[in-house]
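Breakdown of the fold
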Amino acid sequence: MLPECQPAVLEYKAATDIASALIVMQTGGPDPDKQGRLAYQNAKAESRVVPTIIFHGNEDLVVNVKNGHQVLSQWAQMNDYADDGFDNDSINEHVYKKIHGQVLNGYRYTRSIYSNTKGNAIMEKWIVEGMGMTGREVARKVHIQILRDQTLQKKWCALFGPFEPLIN
Ligand SMILES: [Ca+2]
Ligand SMILES: [Ca+2]
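Residues numbered from 1 in each chain as written. Chains lettered and ligands numbered in written order. Predicted model: local features only at pLDDT ≥ 70, side-chain atom pairs only at ≥ 80, totals over all residues.

1. Notes on the sheet that holds strand S2 (residues 97–102)
- The four strands lie next to each other as S1-S4-S3-S2, forming an open sheet whose pairing is mixed. Across the chains shown, the open sheet's two edge strands, defined by having one partner strand only, are strand S1 (52–57) and S2. Across the sheet, the mean angle separating the axes of adjacent strands is 15° when strand polarity is ignored.
- Note: strand S3 (residues 108–115) against strand S4 (residues 121–128), seven bridges, orientation antiparallel. Bridge pairing in S4 places serine 112 opposite lysine 125.
- Each of S1, S3 and S4 touches helix H3 (residues 65–84); the most contacted strand, S4, lies at about 175° to it. (Pairing = 2+ DSSP bridges. Helix = DSSP H or I, 4+ residues; strand = E, 2+ residues; numbered from the N terminus. Axes fitted to C-alpha atoms, helices over the stretch in contact; angles between N-to-C directions. Contact = placed C-beta atoms within 7 Å.)

2. As for the confidence of the model for the protein
- Residues with a pLDDT of 70 or more make up 77% of the protein, whose mean pLDDT is 82.
- Looking over the protein, one finds the lowest element-wise mean pLDDT in helix H5 (residues 150–160), namely 63, and the highest in H3, namely 95.
- Contacts for the low-pLDDT stretch residues 163–168, under 50 throughout, to residues beyond four places or in other chains number 35 contacts. (pLDDT = per-residue confidence, 0-100.)

3. Digging into unusual backbone geometry
- Phi angles above zero are rare outside glycine, and lysine 44 is one such case at about 50°.
- In this structure, lysine 44 sits in the loop between helix H2 (32–43) and S1.
- You will see that aspartate 89, though not glycine, has its phi angle at about 60°, which is positive.
- Mapped onto the elements of the fold, aspartate 89 is located in the loop between H3 and S2.
- Assessed through the 13 C-beta atoms surrounding it within 10 Å, aspartate 89 is described here as partly exposed. (Buried ≥ 20, exposed ≤ 12 C-beta atoms within 10 Å, placed from the backbone.)

Laid out in structure tokens, this is it:
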């Protein structure tokens, strides 16, 4: 059985209808700490630390890159709660490792990795320089590739546990 995936472009409950979603896409959403706490509270007994990966082009004119940063912050807070039940930054937005790279003849990117207190990578954020709306198409292709490739899935699970990436 393929693991569940959870694609999203905005924070948890950042918008409640199309009109508010369009505004949030341009301006960013509510306080990520608040939304992370709400996500944790609503998950209740099913709450758990969710490995998260975010892709966003910094020139996305449809969904402002601010949303990508906020989604990371929201999941950091939700995972902080899910980790031990407390908002004590046991998982947080402190960048454990930052990698600047460039695809051959392609986009440059910054890959930020976030860990728990044991040094295990929990979340990643990829900001692709100069990429616009098509960034999400690339992310979807990466996501689909991982879903289809069991070897990639095993690598992912070895790094992050159960495969449940968040695509932004
Ligand atoms: Ca915590
Ligand atoms: Ca926190």
